[in-house]
Amino acid sequence: MAARTIPVDAFDLVIFGATGDLALRKILPALYRRFLAGQMPADAQIVGAARSALDDAAYRARAREALGDRVAGDKRDPAILDAFLDLLFYVRIDATGEAGWDALCDRLRPGRVHAFYFSVAPGLFAPLAERLHAHGLAGPEARIVIEKPFGHDLASARALNATLAQHFDEGQVYRIDHYLGKETVQNLMAIRFANMLFEPLWNAHYVDHVQITVAETVGVDGRGPYYDGSGAMRDMVQNHLMQLLCLIAMEPPARFEPDAVRDEKVKVIRALDPIAPADIVRGQYAAAGGRPGYLDAVEDPGSRTESFVALKVHVSNWRWAGTPFYLRTGKRLRARVSEIAVIFKDPPHSIFGDGARRGNELVIRVQPDEGITMRVTIKEPGPGGMRLIEVPLDMSFAEALGDAGADIPDAYERLLMDVIRGNQTLFMRGDEVEAAWAWTDPVIAGWDARGDRPVAYESGGAGPEEALALMHRDGRRWRAMEG
Ligand code: BG6
């Protein structure tokens, strides 16, 4: 089964920060794969813009090298790669000064979408928006794509939104949360709203609790300076885990349209209870077995930044009152696994009289091995009575969908093409980001005010003991962390 590809209109895409890690590791490979899939028009133009003294040829050489590293062998067709590289141009630019802007204006062609990707340090988001406007590049054909972090707290996010709003309409601003571009994350909406099976049970009457896990095996190596000023709460919970929570908890939007979906997500964020200190655990991984600990990766030997967070939160509305949502994320954990588990309540009465009643469980595996598993109870085969066992009803995209399931596009492929198509459904609206910060800020302020320190946890484990206790005290437990 081949994936269906609908070509997009001709466009000019400018990547600010074109020589940076994100551009070379994610954006260019994603564009190449869309080109290979036949989605990108042959007269698209991709303009790298950065401070380095390069020309078109040198930038193409750099892109060729990056693609060689990032694109799987079976996708490296030399003729197609050459044709793709022909679409690339380079403009040397000073993002905060005057140099290079005239050259950029000359390079852009009228009558087509102009997308500007801000793949730069967050401090440059506002200046870049101002420069674009000053050079007449903020007209209706313009779209700006902003990477995270979108602000460091509510005040900075508000200030940034206000600056962007001086130069662009909200409909031109594409705030990226790459989790929304992941196939399985979009599938959360398909599973919920394209099936009759789940939605009637999707509420506090039937759902005991929800677990959201985003576990990573990597540490903060190489990203210490950024990460130490951020921590897991800002780096992961405020955005990625919050988005997953929204898609699980939101009411069905009337249509799959940008504002219909985003309105419902904002309502979820606004319905979140504040977090009591006893309902959140923060951890920091310790050195172990010759592998450096968190404090070895950052400059401040007394850093109190967390590399792990586990928390319990309630969504205070009619649908969810009484059903807790448990979230956890961390680095240097046992396995790389992102999943959402919806744990249903026990049946009200057991006719089998064995007392062993266990609720069904629906697990949506975001990555890796994308798929869905449902735990159901059946009779253990064999004579000698009615013994019950729990078995998985398992669906792996790779198996169920053949090539299309095995060859899952990277999040950036989908998101970049949505920018060109002008579809904001999978991008965060300004009020959504602000609402998320408004919920996150008091938690972080509380830690700071109390001088709270994260607890140490062992690298390669399942996180701090305290995180396990967060569940145990409610008579529940986390699912095993297995990759
Ligand atoms: C990024 C965070 O947004 O997401 C990183 O800054 C994290 O710290 C990454 O490692 C995880 O993304 P993925 O797609 O690998 O799950």
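As a reminder, the structure under discussion sits directly above these lines.
Computed from a predicted model, the values in this text were never measured in an experiment. (Residues numbered from 1 in each chain as written. Predicted model: local features only at pLDDT ≥ 70, side-chain atom pairs only at ≥ 80, totals over all residues. Heavy atoms only, no water.)

Caption draft 1: Quick look at empty space enclosed by the protein. Applying the stated criterion to the full structure yields 1 cavity of 30 Å³ or more. Quantified by volume, the largest cavity comes out at close to 100 Å³. Taken together, 14 residues make up the lining of the largest cavity; nearest its centre are K148, F150, Q238, N239 and M428. Of all the elements in the fold, those that place two or more residues in the lining of the largest cavity are α9 (231-249) and α15 (430-450). Examining the composition of the lining of the largest cavity, we find that 3 residues originate from one element, α9, more than from any other. When the residues that make up the lining of the largest cavity are grouped by side-chain class, the tally is 7 nonpolar, 3 polar and 4 charged. (1 Å grid on protein atoms, 1.4 Å probe; cavity = no way out; pocket = protein on both sides within 12 Å on 5 of 7 lines; lining within 4 Å. Points joined across faces, edges and corners; volume = space filled by probe spheres on them. Helix = DSSP H or I, 4+ residues; strand = E, 2+ residues; numbered from the N terminus. Nonpolar A, V, L, I, M, F, W, Y, C, P; charged D, E, K, R; others polar.)

Caption draft 2: Summary view of the sheet that holds strand β1 (residues 11-16). Strand order in the open sheet made by the 6 strands is β3-β2-β1-β4-β5-β6, with parallel pairing throughout. Pairing within the sheet leaves two strands with one partner each, and these edge strands are β3 (88-92) and β6 (173-175). Adjacent strand axes in the sheet meet at a mean angle of 20 degrees, parallel and antiparallel pairs treated alike. As paired elements, strand β5 (residues 142-146) and β6 share 3 bridges and run parallel to each other. Looking across to β6, one finds that I144 is bridged to V173. Contacts from helix α2 (residues 56-70) reach β2 (45-50) and β3, with the element oriented near 120 degrees to β3. (Pairing = 2+ DSSP bridges. Axes fitted to C-alpha atoms, helices over the stretch in contact; angles between N-to-C directions. Contact = heavy atoms within 4.5 Å.)

Caption draft 3: A look at the pairing of strand β10 (residues 324-330). With 7 of 7 residues buried, β10 is to be regarded as a mostly interior element. Burial along β10 is two-sided: P324, Y326, R328 and G330 and F325, L327 and T329, pointing in opposite directions, are all buried. Here 6 bridges tie strand β7 (residues 207-215) to β10, and the two strands are oriented parallel to one another. Across the sheet, the residue bridging to Q211 is Y326, located in β10. (Buried < 20%, exposed > 50% of the residue type's maximum accessible area, 1.4 Å probe, protein only.)

Caption draft 4: Here's a closer look at the layout of surface pockets. Estimates place the volume of the second largest pocket at around 760 Å³. At the level of secondary structure, the elements contributing two or more residues to the lining of the second largest pocket comprise β7, β11 (337-344), β12 (361-367), β13 (371-379) and β14 (388-396). Partitioning the lining of the second largest pocket into residue classes produces 12 nonpolar, 7 polar and 16 charged.

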